[in-house]
Amino acid sequence: MGGRQVTDWQGKHVTVAGLGVSGIPAAKVLHGLGAAVTVVNDGDDERARAQAAELEALGITVRLGTASTSGSAAGATLPEGTDLVVTAPGWKPDKPLFTAAREAGLEIWGDVELAWRLRGPDAAPWLAVTGTNGKTTTVQMLASILKAAGLRTAAVGNIGVSLLDVVLGEEQYDVLAVELSSYQLHWAPSLRAHSAAVLNLAPDHLDWHGSMEAYAKDKGRVYEGNRIACVYNVADKATEDLVREADVEEGCRAIGFTLGTPGPSQLGVVDGILVDRAFVENRQKNAQELAEVSDIDPPAPHNIANALAAAALARAFGVPAKAVRDGLRAFTPDAHRIAHVADVDGVTYIDDSKATNTHAAQASLAAYESIVWIAGGLAKGATFDELVAGAAKRLKGVVLIGADRALIREALARHAPEVPVVDLDRTDTGAMLAAVREARALAQAGDTVLLAPACASMDMFVNYNRRGDAFAEAVRELAPADG
């Protein structure tokens, strides 16, 4: 089932799994191409019924409720005559619907796969980024660099901009900076990027993938069929292993990035300068200066790594060194990603609410020397011993909030018993103000109060954005009183 031409879809029966940010656009696109579309969705609440009514008005069939997706017999889960299943990326592979599809010999595509198949013959190449942490920042940096080079581009994919909209829209692009999650890659078997990067690998979403091996394998799919460069993290051997295992086009190169001095075919840092020894003539002897560490906002170690990965992908696409510098200088990080909130009485307050897992929090904690750490929330099965042991020497104090704070408290008792800990036994949204006040009492001039929860936010807040906003509001309540 090819799909690049409208005629391919006439009369094809497509089942779309999931109403949502990817399912609804996919259903509308397929219907517009002439396919007979049936949408199935677990939820049957008021919102789902309103979405269903909108689609049904267009002539799309919608089935709501778990019976439509989880029946035991194939006929109960797979609408009759289905030729193809297109799924929302977050649906787990063990769904009965997918088991029935596989037993019927059908392909299962995600929205990324659908967008890839619907590209026109002159479509812009994709520079793809995945990894446990740093994807969005790296893709935004990459887009900023590409724009600085005068290229028509956009940051798309898991970043919140639909690939379907971009691929089928009227605007023409020279190249796309594409963020891809492990879920999206799992359901994108034929994706072939110009070049791609895996930033890092740490345990995450294991409940969905089933194992670390399966998670890594899905991340590694981003390298399949790469034409120019597979970019990996020298400090994370697992990413290099994925490059070795990938089936790439002849001539495609493995390009490493490192916070240390780069070897040949690597980008790295020398005396505060970002240096390219990969995309230069005679890389055994020569190097190209790209930018200064001070051009990166913020210049935290993990963010320098993000910048190097973005630079590597841009250089793989032929972007000149000056555009790397100009693009990094023009880049502004999203809210709640190591965002400076205020300085109060010589104490710096940093909002990294986006650090929703231990790997992200580890990077955040490594960026500061003397920290009062606000942490806690929903652990999602994580353990905290390695995180706490690595950060112990930097911790001046810890304030714990959220449902699973005891797990962090126990790790602190094991690995940092001398560090004072305030355990706030509350999960209401007002707990953040109390946490900031406690942190202020523990902090002295020169310290950093760092919100890097290492946990998800949903026990107390709608999302990590709201959590970060609550932190910033609490800090601002302190500021007036302290001049």
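Notes on the structure in this doc start here. In this text the structure is predicted, and so the values were computed from the model without any measurement. (Residues numbered from 1 in each chain as written. Predicted model: local features only at pLDDT ≥ 70, side-chain atom pairs only at ≥ 80, totals over all residues. Heavy atoms only, no water.)

Under the counting rule described, the total for this entry stands at 4 aromatic pairs. Both rings, one in Trp91 and one in Phe98, keep their centres 6.2 Å apart while their planes meet at 55°; by these two values the pair is tilted. Judged on exposure class, the residue Trp91 and its partner Phe98 are both buried. Through a chain of ring-to-ring contacts, three or more aromatic side chains come together here, namely Trp91, Phe98 and Trp187. Taking NZ or CZ as reference, Lys354 lies 5.5 Å from the ring centre of Tyr464, over its face. (Phe/Tyr/Trp six-rings, centres within 6.5 Å; stacked < 30°, edge-to-face > 60°. Buried < 20%, exposed > 50% of the residue type's maximum accessible area, 1.4 Å probe, protein only. Lys NZ or Arg CZ within 6 Å of the ring centre and 35° of its normal.)

A few words on the nonpolar core. Grouped together as the largest cluster of nonpolar side chains are 56 residues, with contacts concentrated most on Trp9 and Tyr223. In terms of residue count, helix α1 (residues 23–32) provides more of this core than any other element does, 5 residues in total. If we skip the residues at most four places from it in the chain, Tyr223 touches Ala196, Ala197, Val198, Cys230, Val231, Tyr232, Thr239, Leu242, Val243, Ala246, Asp247 and Val248. The next biggest cluster of nonpolar side chains, apart from the first, holds 43 residues, and it includes Val129, Ala197, Val293 and Leu308. (Core = buried A, V, L, I, M, F, W, Y, C linked by side-chain atoms within 4.5 Å. Helix = DSSP H or I, 4+ residues; strand = E, 2+ residues; numbered from the N terminus. Contact = heavy atoms within 4.5 Å.)

A few words now on the sheet that holds strand β2 (residues 36–41). In a beta sheet, neighbouring strands pair by backbone hydrogen bonds and run either parallel or antiparallel. The parallel open sheet is built from 5 strands, whose spatial order is β3-β2-β1-β4-β5. Each of the sheet's edge strands pairs with one partner strand only, and the pair in question is β3 (61–64) and β5 (108–110). Going from strand to strand, the sheet's axes swing by 25° on average, the running direction of each strand aside. Across 4 bridges, the pairing between strand β1 (residues 13–17) and strand β4 (residues 84–87) is parallel. Among the inter-strand pairings, Ala17 is bridged to a residue of β4, identified as Thr87. (Pairing = 2+ DSSP bridges. Axes fitted to C-alpha atoms, helices over the stretch in contact; angles between N-to-C directions.)

Now for the side chain of His336. Relative to the helices and strands, His336 is located in the loop between α14 (321–330) and β15 (339–344). For His336, the side chain forms a polar contact with the side chain of Asp351, separated by 2.6 Å. Here His336 is in contact with Asp351, Asp352, Ser353, Lys354, Tyr464, Asn465, Gly468 and Asp469, once residues within four sequence places are set aside. (Polar contact = N/O pair within 3.5 Å; in protein donor to acceptor, adjacent residues only side chain to side chain.)

Across the interface, helix α7 (residues 135–148) lies against α14 with an axial gap of 7 Å and an inter-helix angle of 125°. Here α14 runs oblique to α7, going by the angle between their axes. As for the relative orientation of α7 and α14, their crossing is right-handed in sense. Contact residues: Met141, Ser144, Ile145 and Ala148 in α7; Ala323, Val324, Asp326, Gly327, Leu328 and Ala330 in α14. Its residues placed into classes, the contact of α7 with α14 shows 7 nonpolar, 2 polar and 1 charged. (Parallel < 35°, antiparallel > 145°, perpendicular 65-115°, else oblique. Left-handed = near helix turned anticlockwise from the far one by under 90°. Nonpolar A, V, L, I, M, F, W, Y, C, P; charged D, E, K, R; others polar.)

Turning our eyes to something else, we now look at the pattern of salt bridges. In the structure shown here, the tally under the stated rule is 21 salt bridges. A salt bridge links Arg329 to Asp295, with the shortest nitrogen-to-oxygen separation between them at 2.8 Å. Of this pair, Arg329 sits in helix α14 while Asp295 is found in the loop between β14 (288–292) and α13 (301–316), placing the two residues 34 residues apart along the sequence. Since its relative accessible area comes to 48%, Arg329 is described here as partly exposed. (Salt bridge = Lys/Arg side-chain N within 4 Å of Asp/Glu carboxyl O.)

The next subject is the sheet that holds strand β16 (residues 347–351). The strand order across the open sheet formed by 6 strands is β15-β16-β20-β17-β18-β19, and the pairing between neighbours is mixed. Each having just a single partner strand, β15 and β19 (421–423) make up the two edges of the open sheet. Averaged over all pairs of adjacent strands, the angle between their axes in this sheet comes to 15°, without regard to strand direction. With 5 bridges joining them, strand β17 (residues 371–375) and strand β18 (residues 395–400) adopt parallel strand pairing.

For the peptide bond that leads from Asp297 to Pro298, omega is -10°, which places it in the cis range. Within the fold, Pro298 resides in the loop between β14 and α13. Of note, the phi angle at Ser265 is positive, near 65°, even though the residue is not glycine. Inspection of the secondary structure assignment puts Ser265 in the loop between β11 (253–257) and β12 (266–270). Its relative accessible area of 15% is what places Ser265 among the buried residues. The backbone phi angle of Asp345 is positive, close to 55°, even though this residue is not glycine. Relative to the elements of secondary structure, Asp345 occurs in the loop between β15 and β16. In this structure Asp345 comes out as exposed when scored by relative accessible area, which is 53%.

Any functional reading would require information that these geometric values do not contain.
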